[in-house]
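Residues per chain are reported as follows:
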Amino acid sequence: MTEERTTLEMIAPTIEEAIADGLAELGLSKDDVTVETLDEGSKGILGIGQRHARVLLTVKSEEDKAPPEKRAQAPRRTYDASNGDHVENLISISEATVGELIEKMGVFAEVKATLDEEDSSPDYPSVNVDITGSDLSVLIGRRAETLEALQYITRLIVGKEIGHGARVNIDIEGYRARREQSLKTLAEQMAKQAINSGRKQALEPMPANERRLVHMALRDFEEVTTESVGEDPRRKVVIIPNA
Amino acid sequence: MQEIIEYIARSLVDDPTQVRVSQRRQGSTSNVRLEVAKQDMGRVIGRGGKVANAMRLLLRVAASRDNNSRVRLDIVEPE
């Protein structure tokens, strides 16, 4: 096996800027890389003959293998497995994919992808894509089925692009957060109803992630047991009062 | 409106050159037909038809934005 180091070539007006940009790109500090100056650049005379500085940063650790220069030339739609880059790539590919999908659906909205800091580890980044705009209920759909479809297709496309499973979560106008809260409230109301009436209470059919939220919300309710019954997409949570 | 299907299909298959999408309007219904290479059928249909159903939902949004027709998606192998 040949050892390939991660390298990044940066071009900027000065050597200092090129190094700083390169380190920011890699998400590393100066101690993590060796710097080779390829071209000191030249200020030229009155802008004539001006040349930018070019530096090559080589990452010192040996675990990273990536083709050099990729990122500088093609920042979008290119997967570069080098360390800091793959997170940036996942973010930009996710954002571009969702943007492309909704545009082709005839929906115009703002799309912003960010790293989910809480849910990410260095090797396993998780990205949140937020879609904001007006009149986006058409993108959510009944029981959020359109939102789930959009998220599913996005994960497939991004996953194919980067070569492995992608953790991409899409939200539209804060829908998921609001839905989570209202599901919790609903679960608690239905649980009380089950206890008071002594009868099972069936909730509306829900997708798996929402059923999970209901089960979680009632986990500490000792007077009831919850279970899911039926087949998708009609699978639903039933709240059973404990005898 | 069929652009959404073309984009998804091209992004998911191994052989994008074999992707063909056509659209025919019959009264208030639009029929979108997606053709992909035989070995790519699984990618655009998915386990239990999951990919195909997701594409149908997104196509429905596109149709509602476009000409407000009912829309059908058929996925076929090349003849």
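Since the model is a prediction, treat every value here as computed from it, not as a measurement. (Residues numbered from 1 in each chain as written. Chains lettered and ligands numbered in written order. Predicted model: local features only at pLDDT ≥ 70, side-chain atom pairs only at ≥ 80, totals over all residues. Heavy atoms only, no water.)

### Observations concerning the overall build of chain A
Using the following cut-off: In this text, helices come from DSSP runs of H or I with a minimum length of four residues, and strands from runs of E with a minimum of two, each type numbered from the N-terminal end. Relative accessibility decides the category of a residue: with a 1.4 Å probe and only protein chains considered, values under 20% of the type maximum give buried, values over 50% give exposed, and everything between is partly exposed. Two residues qualify as a contact provided that any one of their heavy atoms is within 4.5 Å of a heavy atom in the partner residue. Using a 1.4 Å probe, accessible areas were evaluated by the Shrake-Rupley method; residue-level cover was limited to the displayed protein chains.
When its secondary structure is counted, chain A shows seven helices and nine strands. Buried positions account for 39% of the 243 residues belonging to chain A. When contacts within chain A are restricted to residue pairs at least 6 apart in sequence, long-range pairs at least 24 apart make up 55% of them. Only carbon and sulfur atoms are counted for the fraction: they give 48% of the accessible area of chain A, which is about 13,700 Å².

### What to know about empty space enclosed by the protein
All names here are of chain A. In plain terms, the rule: Points on a 1 Å grid over protein atoms alone make up a cavity when a 1.4 Å probe fits among them but cannot get out, and a pocket when they form an open set with protein on both sides within 12 Å along at least five of seven lines; lining residues each have an atom within 4 Å of a point. Grid points are joined across faces, edges and corners, and a volume is the space filled by probe spheres set on the points. Three categories are distinguished: nonpolar for Ala, Val, Leu, Ile, Met, Phe, Trp, Tyr, Cys and Pro, charged for Asp, Glu, Lys and Arg, and polar for the others, with Gly belonging to the last.
Taken as a whole and assessed by the stated rule, the structure comprises one cavity of 30 Å³ or more. As for the largest cavity, its lining consists of 10 residues, of which Leu-90, Pro-125, Ile-162, His-164 and Gly-165 are closest to the centre. For the lining of the largest cavity, a count of residues per class yields six nonpolar, three polar and one charged.

### Quick notes on the interface of chain B and chain A
Inclusion rule: Reported buried area values correspond to the accessible surface (1.4 Å probe) lost by two parts on association, with both partners' losses combined. Throughout this description, the term salt bridge denotes a Lys or Arg side-chain nitrogen within 4 Å of a carboxyl oxygen of Asp or Glu. In the analysis that follows, any N or O atom pair within 3.5 Å is treated as a polar contact, provided that within protein one partner can donate a hydrogen and the other can accept it, and provided that, for residues neighboring in sequence, both atoms belong to side chains.
The interface is formed by 21 residues belonging to chain B together with 20 residues belonging to chain A. With both chains or domains summed, chain B and chain A bury close to 1,800 Å², and 72% of this area falls on carbon and sulfur atoms. It is Tyr-7, Leu-58 and Arg-65 of chain B that lose the most area in chain B upon contact with chain A, and together they represent 36% of the buried surface on that side. At the junction of chain B and chain A, the tally comes to one salt bridge. As a salt-bridge pair, Asp-14 of chain B and Lys-160 of chain A come within 2.5 Å of each other at their nearest N and O atoms. At the junction of chain B and chain A, the tally comes to three residue pairs in polar contact (both at pLDDT 80 or more). A per-element tally of the side of chain B that touches chain A places helix α3 (residues 50–66) of chain B first, with 11 residues.

### Re helix α1 (residues 15–26) of chain A
Residue and element names in this part refer to chain A. Threshold: One fewer than the residue count of a helix, multiplied by 1.5 Å, yields its expected span. Of all possible arcs, the one meant is that of the directions from the helix axis to the C-beta atoms.
Relative to the 16 Å expected for 12 residues at 1.5 Å per residue, α1 spans 16 Å between its end C-alpha atoms, a close match to the ideal helical length. Burial in α1 covers these residues: Ile-15, Ala-18, Ile-19, Gly-22, Leu-23, Glu-25 and Leu-26. In a view along the axis of α1, the buried residues occupy a sector of 160°, so they form one face of it. Away from the buried face of α1 by more than 90 degrees, exposed residues Glu-16 and Ala-24 are located. Phi turns positive, to about 70°, at Gly-27, one or two residues after α1.

### A short note on the packing of aromatic side chains
This is how it is decided: Under the pairing criterion, centres of Phe, Tyr and Trp rings, with the six-membered ring standing for Trp, must be within 6.5 Å; the plane angle then separates stacked pairs below 30 degrees from edge-to-face pairs above 60, leaving the rest tilted. Charge-over-ring contacts are defined here by two conditions on Lys NZ or Arg CZ: a distance within 6 Å of the ring centre and an angle within 35 degrees of the ring normal.
The tally for this structure, following the rule as stated, stands at zero aromatic pairs over all chains. Taking NZ or CZ as reference, Lys-104 of chain A lies 5.5 Å from the ring centre of Tyr-7 of chain B, over its face. Above the plane of the ring of Tyr-124 of chain A lies Arg-167 of chain A, whose end atom (NZ or CZ) is 4.2 Å from the centre.

### Details of the confidence of the model for chain A
Spelled out, the test is: Note on scores: pLDDT gives the predictor's confidence for each residue, bounded by 0 and 100.
Chain-level pLDDT for chain A is 83 on average; 85% of the residues reach the 70-or-more range. In the model, residues 62–81 of chain A has pLDDT below 50 throughout and makes 49 contacts with residues more than four positions away in sequence or in other chains.

### Considering unusual backbone geometry
Residue and element names in this part refer to chain A. Going from Asp-232 to Pro-233, the amide bond is cis rather than trans, its omega being 5°. Phi at Asp-135 takes a positive value of approximately 60°, unusual for a residue other than glycine. Summarising the element assignment, Asp-135 is placed in the loop between β5 (126–132) and α4 (137–140). Judged by its relative accessible area of 57%, Asp-135 falls in the exposed class. Of note, the phi angle at Arg-143 is positive, near 50°, even though the residue is not glycine. A residue is classified by how much of its surface remains accessible, and Arg-143, at 30% relative accessible area, is partly exposed.

### Concerning the nonpolar core
Condition: We call a set of buried Ala, Val, Leu, Ile, Met, Phe, Trp, Tyr and Cys residues a nonpolar core when their side-chain atoms join them within 4.5 Å.
Met-105 and Ile-131 of chain A together with Leu-34 of chain B are the most contacted members of the largest nonpolar core, which totals 56 residues. The biggest single contributor to this core is α3 of chain B, with 10 residues. Setting aside its immediate chain neighbours within four residues, Leu-34 of chain B contacts Ile-5, Ala-9, Val-19, Arg-20, Val-21, Val-44, Met-55, Leu-73, Asp-74, Ile-75 and Val-76 of chain B.

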